[in-house]
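# An overview of the molecular structure
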Amino acid sequence: MIIDPTQQSSKENYKLLIGSVLPRPIAWVSSVSSGGELNLAPFSFFTVASRNPPMLIFSIGEGVGARTGTVKDTLTNIRERGEFVVNIVSASLANEMAKTGEHVAPEIDEFDYVGLTPISSEVVSVPRVKEAPVSMECELVQVISLGDDHLVIGKVLRFHVQDDLYDKGRIDTTKLAPIGRLAGTYSPVESMFTLPNEHLESYLRPPVDKDRE
């Protein structure tokens, strides 16, 4: 199957992307509007951009549904304030994360909407999620327009890590229990392996039936 992305709609290309690039980590981004309203929203086009200095990137698309063609509140807030916090989603917070992805009015405080606790950050004016196992305070470096989307680059100013997850400068992944975004679903990190590994067959896809290709 060979597909030319210019010969199909952006929605069709999007489905191929999210069904192929996975699992994707989730940036649970807290931000504050110029009027002081708190905002919390998840973004799964997210990764590390740089080690030195430590930087994160995530992509924000345009509004959907009734808000198609509009700019999302998170992007507006980050542009206005120049600061945000990326919170990491553990499995125990998955329901709350999903609920903050609902389309609600800009004046709605998602922290209050889903029953989470905003707690003051150390160097930025945006609160972090108290319940999140890891949070990273960021200052905006740049917003790059990429077609209909916007790539946000942020420099990490502070790491907040729950004490029981921190082990000699590393994060205990098992205790973190992160979740990843698939196409229309989510997946917890339930098993891990190192390489080389003599028992990869148990992790791999079933062999392809050549007669059915």
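Now for a quick tour of the structure. For clarity, every value in this text was computed on a predicted model and none was experimentally measured. (Residues numbered from 1 in each chain as written. Predicted model: local features only at pLDDT ≥ 70, side-chain atom pairs only at ≥ 80, totals over all residues. Heavy atoms only, no water.)

### Side note on the overall build of the protein chain
For the protein chain, the helix and strand inventory stands at five helices and 13 strands. A compact globule built from 213 residues would reach a C-alpha radius of gyration of about 17 Å, and the protein chain, at 19 Å, matches this within 12%. Seen through its C-alpha atoms, the protein chain measures out along the principal axes to roughly 65 × 50 × 35 Å. For the protein chain, the proportion of its 213 residues judged to be buried stands at 34%. Long-range contacts, defined as pairs at least 24 residues apart, comprise 59% of the intrachain contacts of the protein chain with a sequence gap of at least 6. Each charge class in the protein chain was averaged separately, 20 positive and 29 negative side chains, and the resulting centres sit 3 Å apart. (Helix = DSSP H or I, 4+ residues; strand = E, 2+ residues; numbered from the N terminus. Rg over C-alpha atoms; globule rule 2.2 N^0.38 Å. Buried < 20%, exposed > 50% of the residue type's maximum accessible area, 1.4 Å probe, protein only. Contact = heavy atoms within 4.5 Å. Lys, Arg positive; Asp, Glu negative; His and termini not counted. Charge placed at Lys NZ, Arg CZ, Asp CG, Glu CD.)

### With respect to the packing of aromatic side chains
Evaluation of the coordinates by the stated rule reveals three aromatic pairs. Taken together, a centroid distance of 5.3 Å and an interplanar angle of 40° make the contact between F43 and F58 tilted. Here F43 is found in strand 2 (residues 38-43), whereas its partner F58 is found in strand 4 (residues 55-60), with 15 residues between them in sequence. The buried category is assigned to F43, whose relative accessible area is 6%. With a relative accessible area of 1%, F58 lands in the buried category. (Phe/Tyr/Trp six-rings, centres within 6.5 Å; stacked < 30°, edge-to-face > 60°.)

### Here's the deal with the side chain of H160
Turning to its location among the elements, H160 is positioned in strand 9 (residues 149-161). Classification of H160 by relative accessible area gives buried; the value is 15%. For H160, the side chain forms a polar contact with the side chain of R128, separated by 3.4 Å. Setting aside residues no more than four positions away along its own chain, H160 makes contact with E122, R128, P133, V134, S135 and E137. (Polar contact = N/O pair within 3.5 Å; in protein donor to acceptor, adjacent residues only side chain to side chain.)

### A few points about unusual backbone geometry
Residue L22 is joined to P23 through a cis peptide bond whose omega torsion reads -5°. Along the chain, P23 turns up in the loop between helix 1 (10-20) and strand 1 (27-32). In this structure, the amide linkage connecting N52 to the following residue, P53, adopts the cis form with an omega of 0°. Phi is positive for K168, close to 55°, though the residue is something other than glycine. Relative to the elements of secondary structure, K168 occurs in the loop between strand 10 (166-167) and strand 11 (170-171).

### Considerations on the sheet that holds strand 2
The strands making up a sheet are joined through hydrogen bonds of the backbone, oriented either antiparallel or parallel. Spatial ordering of the open sheet is given by 2-1-5-8-9-4-3, a layout of seven strands whose pairing is antiparallel. Each of the sheet's edge strands pairs with one partner strand only, and the pair in question is strand 2 and strand 3 (46-50). Taking the axes of each pair of neighbouring strands and ignoring which way they run, one obtains an average angle of 35° across the sheet. When strand 1 meets strand 2, the two strands line up antiparallel, connected through six bridges. In the strand pairing of strand 2, V29 is matched with A41. Relative to strand 1, helix 2 (residues 73-81) is tilted by about 55°, and along the sheet it contacts strand 1, strand 2, strand 4, strand 5 (83-88), strand 8 (134-146) and strand 9. (Pairing = 2+ DSSP bridges. Axes fitted to C-alpha atoms, helices over the stretch in contact; angles between N-to-C directions.)

### Quick notes on the pattern of salt bridges
Pairs can form between side chains of opposite charge once their charged atoms are near each other. Across all of its chains, the model carries one salt bridge by this definition. Note that R158 and E122 form a salt bridge whose closest N and O atoms lie 2.9 Å from each other. Of the two residues, R158 sits in strand 9 while E122 sits in the loop between strand 6 (118-119) and strand 7 (128-129), which places them 36 residues apart along the sequence. (Salt bridge = Lys/Arg side-chain N within 4 Å of Asp/Glu carboxyl O.)

### Re the pairing of strand 1
Of all the six residues making up strand 1, six are buried; the element is thus mostly covered by neighbouring parts of the structure. Here strand 1 folds back onto strand 2, and the loop between the two strands holds five residues, one of which, G36, carries a positive phi near 95°. Sheet topology note: the strand 1/strand 5 ladder contains four bridges and is antiparallel. Across the sheet, residue S30 finds its bridge partner in strand 5, namely V85.

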